[in-house]
Amino acid sequence: MGGDIKKAENRLKDISLKLTKQRQIILNLLAENSDKHLNAEEIRSLLLQNNVRTGIATVYRTLSLFEEWELVGKIYLDDGCLRYQLLNPQEKHEHHHLICERCDRIVDIQVDLMDSLEKQVDSYYGFRVTNHHVKLYGVCLECLSK
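Residues numbered from 1 in each chain as written. Predicted model: local features only at pLDDT ≥ 70, side-chain atom pairs only at ≥ 80, totals over all residues. Heavy atoms only, no water.

S.K.: Explain empty space enclosed by the protein to me, and be specific about the residues and the numbers.
M.R.: Under the counting rule described, the total for this entry stands at one cavity of 30 Å³ or more. If you add up the space inside the largest cavity, you get close to 100 Å³. Lining the largest cavity we find 13 residues, and of these Ile 75, Gln 85, Glu 94, His 95 and His 97 sit closest to its centre. Only strand S2 (72–76) and strand S3 (82–86) provide two or more residues apiece to the lining of the largest cavity. A breakdown of the residues in the lining of the largest cavity according to their chemical character gives four nonpolar, six polar and three charged. (1 Å grid on protein atoms, 1.4 Å probe; cavity = no way out; pocket = protein on both sides within 12 Å on 5 of 7 lines; lining within 4 Å. Points joined across faces, edges and corners; volume = space filled by probe spheres on them. Helix = DSSP H or I, 4+ residues; strand = E, 2+ residues; numbered from the N terminus. Nonpolar A, V, L, I, M, F, W, Y, C, P; charged D, E, K, R; others polar.)

S.K.: Just give me the short version of the pairing of strand S4 (residues 96–100), but keep the residues and values in it.
M.R.: Looking down a regular strand, the side chains alternate between one sheet face and the other. For S4, the buried fraction is high: four of the five residues fall into the buried class. Pairing of S4 with strand S5 (residues 106–109) involves four bridges; the strand directions are antiparallel. Bridge assignment links His 96 to a residue of S5, and that residue is Ile 109. In this antiparallel pair of consecutive strands, S4 and S5, the connection spans five residues, and Asp 104 shows a positive phi of 65°. (Buried < 20%, exposed > 50% of the residue type's maximum accessible area, 1.4 Å probe, protein only. Pairing = 2+ DSSP bridges.)

In structure tokens form, the structure reads like this:
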């Protein structure tokens, strides 16, 4: 977690983007909740719980800026919300997700399972894949054992 924050802070410095107090707080909050996929309302709610008064517009602007500079990734999980998570700069692509249809649990898959498919697409179609989003829906082990 600490390494991810430092990498993000260094990235902001590299691009000469000022690390304001609000940006730092939101960056820290995303790092502290790196196992979650938070939407802007959830981020604002967590900020308020920590006595940080930030308007929702500031949260959206900050997330948009972080996304533009590839600090966060966003994912749409078919629940009507865009969700955000700190990106790992070492990942070639965004990671994949397992989504439980019973409890709505989201599990990150850290292994890139698409390498061979990307090579086939490149070879067959001459199409170079730069990124992809994979969401697998099913039932998690915990729900299966209930």
